[in-house]
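Structural features, examined
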Amino acid sequence: MGWTDERVATLKKLWLEGLSASQIAKQLGGVTRNAVIGKVHRLGLSGRATPSQPTRPVFKPQRIARPATPAPQPVRRPIAASPLAEPTIVHRVEEPGSATVLTLGAHMCKWPIGDPSSEGFSFCGRRTGDEGPYCVEHARVAYQPVVKKTGRSGASELARSLRRYI
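Definitions and limits used
Residues numbered from 1 in each chain as written. Predicted model: local features only at pLDDT ≥ 70, side-chain atom pairs only at ≥ 80, totals over all residues. Heavy atoms only, no water. Core = buried A, V, L, I, M, F, W, Y, C linked by side-chain atoms within 4.5 Å. Buried < 20%, exposed > 50% of the residue type's maximum accessible area, 1.4 Å probe, protein only. Helix = DSSP H or I, 4+ residues; strand = E, 2+ residues; numbered from the N terminus. Contact = heavy atoms within 4.5 Å. Arc of directions from axis to C-beta.

A word on the nonpolar core. Leu-11, Leu-14, Trp-15, Leu-19, Ala-21, Ile-24, Ala-25, Leu-28, Val-31, Val-36, Val-40 and Leu-45 form the largest nonpolar core, which has 12 residues in total. Looking at this core, the elements with two or more residues in it are helix H1 (5–17), helix H2 (21–28) and helix H3 (33–43). Broken down by element, this core gets its largest block of residues, 4 residues, from H2. Aside from chain neighbours lying at most four places away, what touches Leu-11 is Trp-3, Ile-24, Leu-28, Val-36, Lys-39, Val-40 and Leu-43. Judged by nonpolar contacts, the second largest core, of 5 residues, contains Cys-109, Trp-111, Cys-124 and Cys-135.

Shown next, in the form of structure tokens:
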């Protein structure tokens, strides 16, 4: 289908109204989006009333308000550990952190707090040490020291592990 004077006038009108090349091609019928773009350039139409609007709404994440005062720091007590004692597991409820995925920086603790699928999910956000992605407190939880097993000799342990493969 060719470009008649009537179709060119419709093209100019729709272009100046701010419709996209795809929308104009659909209204004119029989032409492609690229044909519309080519004709617009040949006609020298550059100015538009308003840019075309996307057909889908753009997702903007909800901003989580930061607390006005910093969360109180937990009291740190020295832990007396004997070499033969089993490590004790202490479960405690974490208070919401001060960092979100969008505000998390390079030297901020990346310990997750809460369920990632919930709105209240956050990260610790405290300053990290020289090594690792966690603050001192969370590094103690994440990196437990290796406890040697007692009661078995090296030879009997080796024989036991080799029996699996025989």
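Of the positions making up H2, those classed as buried are Ala-21, Ile-24, Ala-25 and Leu-28. Along H2, the residues classed as buried sweep out an arc of 100° about the axis, all on the same side. Residues of H2 that are exposed and point over 90 degrees away from its buried face: Lys-26 and Gln-27. For H2, the secondary structure elements touched by its buried residues are H1 and H3. Once H2 finishes, Gly-29 follows within two positions and takes phi at roughly 75°, a positive value.

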